[in-house]
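Chain and residue survey
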Amino acid sequence: IKKQQQDVLGFLEANKIEFEEKDIAANEENRKWMRENVPEDSRPASGNPLPPRLFNDSRYLGDYEAFFEARENNAVYAFLGLTAPPGSKVGVYIFHSKL
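Analysis parameters
Residues numbered from 1 in each chain as written. Predicted model: local features only at pLDDT ≥ 70, side-chain atom pairs only at ≥ 80, totals over all residues. Heavy atoms only, no water. UniProt positions renumbered as here; feature names shortened; annotations may be inferred. Helix = DSSP H or I, 4+ residues; strand = E, 2+ residues; numbered from the N terminus. Buried < 20%, exposed > 50% of the residue type's maximum accessible area, 1.4 Å probe, protein only. Contact = heavy atoms within 4.5 Å. Areas by Shrake-Rupley, 256 points an atom, 1.4 Å probe, with all protein chains shown as cover. Salt bridge = Lys/Arg side-chain N within 4 Å of Asp/Glu carboxyl O. Phe/Tyr/Trp six-rings, centres within 6.5 Å; stacked < 30°, edge-to-face > 60°.

The protein appears in an unreviewed UniProt entry as SH3 domain-binding glutamic acid-rich-like protein 1 from Nothoprocta pentlandii. Comment text from UniProt for the protein, heading Sequence similarities (unreviewed entry), reads "Belongs to the SH3BGR family." Note on the protein: under the UniProt heading Function (unreviewed entry), the record states "Appears to function as an adapter protein that bridges proteins together or proteins with mRNAs. May function as a ubiquitin ligase-substrate adapter. Additionally, associates with translating cytoplasmic ribosomes and may promote the expression of specific mRNAs."

Here's the deal with the overall build of the protein
The helix and strand inventory of the protein stands at four helices and four strands. Helices and strands in the protein line up, N terminus first, as α-β-α-β-β-α-α-β. Looking at the protein residue by residue over its 99 residues, the buried ones come to 38%. For the protein, the proportion of contacts with a sequence separation of at least 24, taken over those separated by at least 6, is 59%. Accessible area of the protein: about 5900 Å², with a carbon and sulfur share of 46%.

What to know about the pattern of salt bridges
Two side chains carrying opposite charge are able to pair once their charged atoms lie near each other. Enumeration according to the criterion identifies four salt bridges in this entry. The partner of Asp-7 in a salt bridge is Arg-71, with the nearest N and O atoms 2.7 Å apart. Of the two residues, Asp-7 sits in helix α1 (residues 2–14) while Arg-71 sits in helix α3 (residues 64–72), which places them 64 residues apart along the sequence. Taking the shortest distance from any N to any O, the salt bridge between Lys-22 and Glu-20 comes out at 3.2 Å. Glu-20 gets classed as partly exposed once you look at its relative accessible area, which sits at 37%.

Focus on the packing of aromatic side chains
Counted under the stated rule, the structure contains seven aromatic pairs. Between Trp-33 and Phe-55 the ring centres are 4.9 Å apart and the planes differ by 65 degrees, which places this aromatic pair in the edge-to-face class. With a gap of 22 residues between them, Trp-33 in helix α2 (residues 28–37) and Phe-55 in strand β2 (residues 53–56) connect regions that are remote in the sequence. Between Tyr-64 and Phe-67 the ring centres are 6.3 Å apart and the planes differ by 40 degrees, which places this aromatic pair in the tilted class. Of this pair, Tyr-64 and Phe-67 both sit in helix α3, three residues apart, which is roughly one turn of the helix. Like Tyr-64, the residue Phe-67 is buried in the burial classification. Members of the aromatic cluster, each reached through a chain of ring pairs, are Phe-11, Tyr-64, Phe-67, Phe-68, Tyr-77 and Phe-79.

Here it is as structure tokens:
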């Protein structure tokens with residue numbers, strides 16, 4: 001999980017995409033919000049959704065696998081709901097756990 005989180009954060013920082021981190025390990029409200037806002041069809045068969053999970057404001061974008069696939073297909077900005085050329089946009093959140 002930590003490596004995936006670092007991968008997403010590193011990409012956002014390197015591309016100067018403004019984002020806000022939401023730590024679910026230290027904040028119960030963040031954990032509850034993330035779990036409640038991950039769509040049913042994107043939840044694991046058992047247990048709770050694990051970080052990293054990405055949202056643009058309250059719109060669920062996906063998990064690390066979806067992010068990675070978008071990056072491999074040079075479609076990260078579309079995945080994030082941003083227009084290219086890359087700029088900064090408030091409202092992109094990454095929910096993570098500081099392990």
